[in-house]
Amino acid sequence: MNISLYIARRYLLSKKRKNAIHYITTVSVILVAFVTMALIIAMSVFNGLTILITSMFSTFDPQIKVQSAYGRVFSADSAIHLIRQVPEVAYITPVLEEDILFVYADKQLVGKLKGVGEEYSKTCPIDSMILSGEFVLQQNGIEYISVGQGVAHSLSVGLQFRDVMHMYAPDRNKGSSINPLDDYNKEYAYARSVFSVQMDIDNAYVLSSLTLAQRLLEYQHNQVSAIELKCVNTSDYKKVANVLRQKLGGNYKVRDREQQHEFLYKITQSEKLITFLLVTLILIIASFSIAGALTMLIIDKKRDISILASLGAEQKLIQRIFIFEGWMISILGAVIGLCIGVCLVLVQQHFGILKLHGESSSFIVEAYPVHLQCADILYTVSMVLTVGFVAAYIPVRFIFKKHIHS
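What counts as what
- Residues numbered from 1 in each chain as written.
- Predicted model: local features only at pLDDT ≥ 70, side-chain atom pairs only at ≥ 80, totals over all residues.
- Heavy atoms only, no water.
- Phe/Tyr/Trp six-rings, centres within 6.5 Å; stacked < 30°, edge-to-face > 60°.
- Helix = DSSP H or I, 4+ residues; strand = E, 2+ residues; numbered from the N terminus.
- Buried < 20%, exposed > 50% of the residue type's maximum accessible area, 1.4 Å probe, protein only.
- Lys NZ or Arg CZ within 6 Å of the ring centre and 35° of its normal.
- Lys, Arg positive; Asp, Glu negative; His and termini not counted.
- Salt bridge = Lys/Arg side-chain N within 4 Å of Asp/Glu carboxyl O.
- Contact = heavy atoms within 4.5 Å.
- Pairing = 2+ DSSP bridges.
- Patch = residues over 30% accessible without salt bridge, like charges linked within 9 Å, V, L, I, M, F, W, Y side chains within 5 Å.
- Areas by Shrake-Rupley, 256 points an atom, 1.4 Å probe, with all protein chains shown as cover.
- Charge placed at Lys NZ, Arg CZ, Asp CG, Glu CD.
- Axes fitted to C-alpha atoms, helices over the stretch in contact; angles between N-to-C directions.
- Left-handed = near helix turned anticlockwise from the far one by under 90°.
- Polar contact = N/O pair within 3.5 Å; in protein donor to acceptor, adjacent residues only side chain to side chain.
- Core = buried A, V, L, I, M, F, W, Y, C linked by side-chain atoms within 4.5 Å.

Caption draft 1: Seen up close, the packing of aromatic side chains. Under the definition given, this model contains six aromatic pairs. Measuring from ring centre to ring centre gives 5.7 Å for Phe74 and Tyr252, while their planes differ by 70°; the resulting arrangement is edge-to-face. Pair noted here: Phe74 is in strand E2 (residues 74–75) and Tyr252 is in strand E13 (residues 252–256), with a separation of 178 residues, a long-range link. There is no split in this pair, since Phe74 and Tyr252 are both buried. Consider the rings of Phe389 and Tyr393, whose centres lie 5.8 Å apart with planes at 20°: the pair is stacked. With Phe389 and Tyr393 both in helix H13 (residues 374–404) and four residues apart, this pair spans about one turn of that helix. Here Phe389 falls in the partly exposed class, since its relative accessible area comes to 31%. Residue Tyr393 is classed as partly exposed on the basis of its relative accessible area, which comes to 34%. Grouped by ring-pair contacts, the aromatic residues Phe60, Phe195 and Tyr205 constitute a single cluster. The residue whose ring lies beneath Lys114 is Phe60, and the NZ or CZ to ring-centre distance is 4.6 Å. Over the aromatic face of Tyr237 sits the side chain of Arg257, whose NZ or CZ is 5.9 Å from the ring centroid.

Caption draft 2: Structural context of the side chain of Lys65. Tracing the sequence through the fold places Lys65 in strand E1 (residues 64–68). One buried charged side chain, Lys65, makes no salt bridge at all; its nearest oppositely charged neighbour is Glu228, positioned 4.5 Å away. If near-sequence neighbours (up to four positions away) are discounted, Lys65 is found in contact with Ala226, Ile227, Glu228, Lys253, Val254, Arg255 and Gln260.

Caption draft 3: Structural detail: the pairing of strand E12 (residues 226–231). Burial analysis of E12 places five of its six residues in the buried class, which makes it a mostly covered element. Bridging between E1 and E12 involves three bridges; their strand directions are antiparallel. Bridge pairing in E12 links Ile64 to Leu229.

Caption draft 4: Main features of a positive patch on the surface. Together, Lys316, Arg320, Arg397 and Lys401 make up a positively charged patch on the protein surface. Broken down by secondary-structure element, the contributors of at least two residues to the positive patch are helix H12 (315–351) and H13. Structurally, Lys316 is set in helix H12. The class of Lys316 is exposed, set by a relative accessible area of 61%.

Caption draft 5: Local environment of the pairing of strand E10 (residues 205–209). The buried fraction of E10 amounts to five of the five residues, a majority that puts the element mostly inside the structure. Here five bridges tie strand E4 (residues 107–116) to E10, and the two strands are oriented parallel to one another. Bridge pairing in E10 links Lys114 to Leu207. Two strands pair when backbone bridges link them, and strand E7 (residues 142–148) and E10 are joined in this way by two bridges, in the antiparallel orientation. Looking at the pairing, Val147 lines up with Val206 of E10.

Caption draft 6: Quick peek at the packing of helix H11 (residues 302–310) against H12. Running from amino to carboxyl end, H11 crosses H12 at an angle of 145°, the nearest separation of the two axes being 10 Å. Note that H11 runs across H12; the crossing there is right-handed. Contacts from Ile305, Leu308 and Ala309 in H11 reach Ile318, Ile321 and Phe322 in H12.

Caption draft 7: View of a nonpolar patch on the surface. A surface patch of nonpolar side chains, amounting to about 410 Å² of accessible area, comprises Leu281, Ile284, Ile285 and Phe288. Looking at which element gives the most residues to the nonpolar patch, the answer is helix H9 (residues 262–286), with three residues. Structurally, the position occupied by Phe288 is in helix H10 (residues 288–300). Judged by relative accessible area, which is 58%, Phe288 ranks as exposed.

Caption draft 8: Spotlight on the side chain of Ser287. Within the element layout of this structure, Ser287 appears in the loop between H9 and H10. A distance of 2.4 Å separates the side chain of Ser287 from the backbone oxygen of Ile284, its partner in a polar contact. Beyond its immediate stretch of four places on either side in the chain, Ser287 contacts Val387 and Ala391.

Caption draft 9: The arrangement of the nonpolar core in detail. Core analysis: the biggest nonpolar cluster contains 46 residues, and Ile64, Met167, Ile227 and Leu244 have the highest contact counts within it. The dominant element in this core, judged by the number of residues it contributes, is strand E3 (residues 89–104), at six residues. Among residues more than four places away in sequence, those in contact with Ile227 are Ile64, Lys65, Val66, Phe74, Ala76, Ala79, Ile80, Ile83, Ile92, Thr93 and Pro94. Ala8, Leu12, Leu283 and Ile399 belong to the second-largest nonpolar core, a separate cluster that totals 35 residues.

Caption draft 10: Molecular detail of the pattern of salt bridges. On inspection of all chains with the given rule, the structure shows eight salt bridges. In this structure, Glu134 and Arg192 form a salt bridge, with 3.5 Å as the shortest nitrogen-oxygen distance. Of this pair, Glu134 sits in the loop between strand E5 (130–133) and strand E6 (138–139) while Arg192 sits in strand E9 (residues 184–195), and the two are 58 residues apart along the sequence. According to the relative accessible area criterion, Glu134 is partly exposed, its value standing at 46%. A salt bridge links Asp376 to Lys272, with the shortest nitrogen-to-oxygen separation between them at 3.3 Å. Highlighted residues: Asp376 in helix H13 and Lys272 in helix H9, separated in sequence by 104 residues. Considered together, Asp376 and Lys272 belong to a single accessibility category, that of buried residues. It is possible to trace a salt-bridge network through shared partners that takes in Glu143, Glu187 and Arg215.

Laid out in structure tokens, this is it:
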């Protein structure tokens, strides 16, 4: 056994009098444990928020979205031909999305019409989003629409086919007319279902067939605003997106699910990094207690240092005793904090003990979302042990150089 480590362990774990060194060492362990626990919990909270955001948009957003790099609308034929050559892509759905005016009875609303292809129910789990009615967009030559819950509430849309939804979009081939309605293309359809995903989508979107949207917006049958894809293996969508980027080239933008809300994900990750750095700063401040404990321990053990020196121990060996002593304080605190933090996160993750205050319908989830990741545990332990080692190494070298050596 390493003699320095053995003596350091004896100093830390042996029974000692209830003196100031004992109390400072205990406080140091508690501080390191508390900061370690705080890091684990903070990282898990941001992981939970990221997963919550993903779940909010994953039902409506495709795994992969392909758009033109140079315009809003593009001809989809060549892109679809290249996409079909990638065997990992299971379903392909062309879509056309545009802001239009919806009129239902005596109410009006500017929202988003999203025309979708025939395989839309295969690329998007729309059936799980339907609150009432049946998701049918075309039947026996009749056009139907699926309305977001917020749009349905704003326009008082019913599913009894009493009133028809009128849709207006600017006519791109006409100028100003005496009658403003002459400058708009018009289509109508009955609402067949109401869906709900999350508030921003529910308050804006109406789904229709792709042909209705192309007819209303005056685009040809192969002109779309995006192509939505679903992969054979759900977990491989990022790899498939990289393959498609190489295959489609610079004329198209290929974005996976996270990249479709890149700004939102970047904010979450930035806040996670800032929180990690702030708590690490608290850890650095807390590590001064380790330096204080080591300083008093070295003063208290001057007699032991003299005995070891007289027995032929080199100064570096004696320094390592106290460096290991300070590092073991960090290790002990890290282990305690890690155990407490992991246990608290797992309890919250599986049982949701800490609830959100307010009416249950006011929040997307009832309990604070958390998720434990092994990478965060490794980062936290690495940071705590690194700071602990530096906090022990620098003061020990300084004290020996200024006092013991002389």
